[in-house]
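Each chain, written out:
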Amino acid sequence: MNERSRAEEDLRVIRNLMERATIYRAISAPTALVGGLLAVGTSVAFWLVDRSRAADAMTPDGRWFATIWLVVLALVLAVNALFVRQEARRGGRPFLSSGAKLALRAIAPCLLVPAAATIWFFRNPDPIDAEVLVSIWIAFYGLALLATALFAPRSLAVLGWAFLLSSLLVVFWPKPLGFDPRGMFPDFAMGATFGLYHLLYAACIWSRRRPKERGNSATE
Amino acid sequence: MPDFEKLDKAIHEKGRLAIMTLLASRVRWSFQDLKAELKMSDGNLVSHLRTLHKLGFVAVTKAVLDRPQTTYALTSKGRSAFTKYLEVLEQIVRAGKA
């Protein structure tokens, strides 16, 4: 091996090590599992409640639907904070590691629009169009995940794309194919994306996980 | 013409190069994280870190959180030596292409 090849090899090793060290997974497997289970549970609960209503009953206002999902979001954020704190303590790292701060800076702008849209829907006297609200939540959540793609593992970017493309599906789903007189489509969309996608993501991470990552997942 | 003789021998050793690279990528590393990332034995890692510390490339901080923990960070001298090391490597690659 000549000097140039040796130097190139050294630089390649350095680059690989640095990339590995700077990768940050904004959603840990335990958080995805808890979030996924809560979302699927909520979606099923909505479906069961809907089944118990009279066939000709009116679809309830989307405020009820949105409020429940915001409670689920708050629960998942609280659980995530607990997991991050636990991992930070175990590794002797600060609660907000450098990777977490970087991820928050990337994600925050993408959450402004869904937050504003949610507030607007609640303040507007008209009934909330849950279908539009859900497509905004799914789309911008996908964008938030993709905003971390530069320093995130590939699985997280794939999850981001899955959310983004699903939001388009929600918007452009042909109505004749999705006959939905009881207005359950937004609920199914939430269950499928925030529920099943997160469960699939958690399963993928756990199945691929190497032993060395086991104690190193939620923070860095 | 740049060559491998100009590279810092302390950093050029494979294990120490890996340690310096990781320390350059984050502000601070705990011993356990370094060990997990590099898959080195305790003795090997301690020996390399001691060498780098003696050269003034690595700062060591001992703290007691839930349990005693030692963390490592690059000093400005270490960062500058690592940057210089990378520059020499790049020069070698460029010279080889010319």
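Here, the structure is the one placed above.
The structure contained in this document is the topic of the report that follows. Owing to the predicted nature of the structure, the values given are computational and were not obtained by experimental measurement.

**A look at the overall build of chain B**
Counting secondary structure elements, chain B contains five helices and three strands. Each helix (α) and strand (β) of chain B, taken in turn from the N terminus, gives the series α-α-β-α-α-β-β-α. When contacts within chain B are restricted to residue pairs at least 6 apart in sequence, long-range pairs at least 24 apart make up 54% of them. For chain B, the accessible surface area stands at approximately 5400 Å², while carbon and sulfur atoms represent 54% of it.

**Observations concerning the layout of surface pockets**
Residues and elements named next belong to chain A. Estimates place the volume of the largest pocket at around 1100 Å³. Lining the largest pocket are 37 residues, with L73, V76, L77, L111 and Y141 sitting closest to its centre. Of all the secondary-structure elements, those providing two or more residues to the lining of the largest pocket are α2 (29-52), α3 (62-91), α4 (98-123), α5 (130-147) and α7 (185-208). Counted by class, the lining of the largest pocket contains 30 nonpolar, seven polar and no charged residues.

**Considering the packing of helix α2 (residues 14-25) of chain B against helix α4 (residues 42-54) of chain B**
Residues and elements named next belong to chain B. For the pair α2 and α4, the least separation of the axes is 10 Å and the interaxial angle reads 70°. By the angle between their directions, the pair α2 and α4 is classed as roughly perpendicular. For the pair α2 and α4, contact is made by G15, R16, I19 and M20 and by L45, H48, L49, T51 and L52, respectively. Broken down by class, the residue content of the contact of α2 with α4 amounts to five nonpolar, three polar and one charged.

**Things to note about the nonpolar core**
All names here are of chain A. Counting 42 residues, the largest nonpolar core has W69 and L156 as its most contacted members. Within the residue set of this core, elements represented by two or more residues are α2, α3, α4, α5, α6 (154-172) and α7. The leading source of residues in this core is α5, at eight residues. Apart from the residues within four sequence positions on either side, L156 is in contact with A26, I27, L145, T148 and Y201.

**Observations regarding the sheet that holds strand β3 (residues 68-74) of chain B**
All names here are of chain B. Strand order in the open sheet formed by three strands is β1-β3-β2, and the pairing between neighbours is antiparallel. Each having just a single partner strand, β1 (29-30) and β2 (58-64) make up the two edges of the open sheet. Sheet topology note: the β1/β3 ladder contains two bridges and is antiparallel. Its bridge partner lying in β3, W29 is registered against Y72. Where α2 meets the sheet, it contacts β1, β2 and β3, and its direction lies at approximately 90° from that of β3.

Cut-off values and rules
- Residues numbered from 1 in each chain as written.
- Chains lettered and ligands numbered in written order.
- Predicted model: local features only at pLDDT ≥ 70, side-chain atom pairs only at ≥ 80, totals over all residues.
- Heavy atoms only, no water.
- Helix = DSSP H or I, 4+ residues; strand = E, 2+ residues; numbered from the N terminus.
- Contact = heavy atoms within 4.5 Å.
- Areas by Shrake-Rupley, 256 points an atom, 1.4 Å probe, with all protein chains shown as cover.
- 1 Å grid on protein atoms, 1.4 Å probe; cavity = no way out; pocket = protein on both sides within 12 Å on 5 of 7 lines; lining within 4 Å.
- Points joined across faces, edges and corners; volume = space filled by probe spheres on them.
- Nonpolar A, V, L, I, M, F, W, Y, C, P; charged D, E, K, R; others polar.
- Axes fitted to C-alpha atoms, helices over the stretch in contact; angles between N-to-C directions.
- Parallel < 35°, antiparallel > 145°, perpendicular 65-115°, else oblique.
- Core = buried A, V, L, I, M, F, W, Y, C linked by side-chain atoms within 4.5 Å.
- Buried < 20%, exposed > 50% of the residue type's maximum accessible area, 1.4 Å probe, protein only.
- Pairing = 2+ DSSP bridges.

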